[in-house]
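The residues making up each chain are set out below.
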Amino acid sequence: MKKVIVKDYVQLIGIKNFKGEDKMIDYYIICPGKERIYAFSKKYIQNAYDLCKSGIGINDLSTRKTRDRGVMILVDYLNIMLPYLCDYYELPIVA
């Protein structure tokens, strides 16, 4: 697994999805000049949603350290998925 650093203006936003029997959060990547890109869905955790509901920089989130288990589950999953998302959607990365 390689570490990917994207440009500072690329953000991750979380949107509630309470359809169906499970409560989920759909995460989207916001990049200027492109429409909202679907990244992944995770189980609803209040602190993770509060962190991402108005958008957070992907670099800030991927390096975040906290004792909150819900946020760290999101950070770990983002670090796993980020190289694949950058390759597939051609997100701007720092050279």
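Calculation notes
- Residues numbered from 1 in each chain as written.
- Predicted model: local features only at pLDDT ≥ 70, side-chain atom pairs only at ≥ 80, totals over all residues.
- Heavy atoms only, no water.
- Core = buried A, V, L, I, M, F, W, Y, C linked by side-chain atoms within 4.5 Å.
- Buried < 20%, exposed > 50% of the residue type's maximum accessible area, 1.4 Å probe, protein only.
- Helix = DSSP H or I, 4+ residues; strand = E, 2+ residues; numbered from the N terminus.
- Contact = heavy atoms within 4.5 Å.
- Phe/Tyr/Trp six-rings, centres within 6.5 Å; stacked < 30°, edge-to-face > 60°.
- Lys NZ or Arg CZ within 6 Å of the ring centre and 35° of its normal.
- Pairing = 2+ DSSP bridges.
- Axes fitted to C-alpha atoms, helices over the stretch in contact; angles between N-to-C directions.
- Salt bridge = Lys/Arg side-chain N within 4 Å of Asp/Glu carboxyl O.

Undergrad: Teacher, can you tell me more about the nonpolar core here?
TA: Where a protein is soluble and globular, its nonpolar side chains tend to be buried together. Counting 27 residues, the largest nonpolar core has L12, Y27, I29, C52, I58, L61 and L74 as its most contacted members. Among the elements that line this core, the one with the most residues is helix α3 (residues 69-89), at eight residues. Setting aside anything within four residues of it in sequence, one finds Y27 in contact with L12, I13, G14, I37, Y38, A39, F40, K42, A48, C52 and L74.

Undergrad: Looking at this structure, I do not really get the packing of aromatic side chains. What am I missing?
TA: Each aromatic ring pair is characterised by the separation of its centres together with the angle its planes make. Going through the model one piece at a time under the given rule, you end up with six aromatic pairs. Aromatic pair F18 and Y44: ring centres 5.3 Å apart, planes at 85 degrees, arrangement edge-to-face. Residue F18 is located in the loop between β1 (11-17) and β2 (24-30), and its partner Y44 is located in the loop between β3 (37-43) and α1 (46-52); the two are separated by 26 residues in the primary sequence. Take F18: its relative accessible area is 40%, and that puts it in the partly exposed class. When its relative accessible area of 18% is taken as the criterion, Y44 is described as buried. Seen from their ring centres, F40 and Y77 are 5.0 Å apart, and the 75 degrees between their planes marks the pair as edge-to-face. On the criterion of sequence distance, the pair formed by F40 in strand β3 and Y77 in helix α3 is long-range, its members being 37 residues apart. You can call F40 buried: its relative accessible area is 4%. Taking NZ or CZ as reference, K23 lies 5.3 Å from the ring centre of F18, over its face.

Undergrad: I would appreciate a short explanation of the sheet that holds β3 in the present structure.
TA: As a general point, the strands of a sheet are linked pairwise by backbone hydrogen bonds and lie either parallel or antiparallel. Read across the open sheet, the four strands follow the order β3-β2-β1-β4; overall the sheet is antiparallel. At either margin of the open sheet sits one strand with a lone partner, and together these are β3 and β4 (56-57). Along the sheet, α3 contacts β1, β2 and β3; its crossing angle with β3, the most-contacted strand, is approximately 155 degrees.

Undergrad: Sorry, what's going on with the pattern of salt bridges here?
TA: When their charged atoms lie close together, side chains carrying opposite charge are able to pair. In total, this model carries two salt bridges according to the counting rule given. The partner of D50 in a salt bridge is K53, and the shortest N-O contact between them spans 3.8 Å. Judged by relative accessible area, D50 falls into the partly exposed class, the value being 37%. Here D60 makes a salt bridge to R64, at a shortest N to O gap of 3.0 Å. For R64, a relative accessible area of 27% puts it in the partly exposed group.

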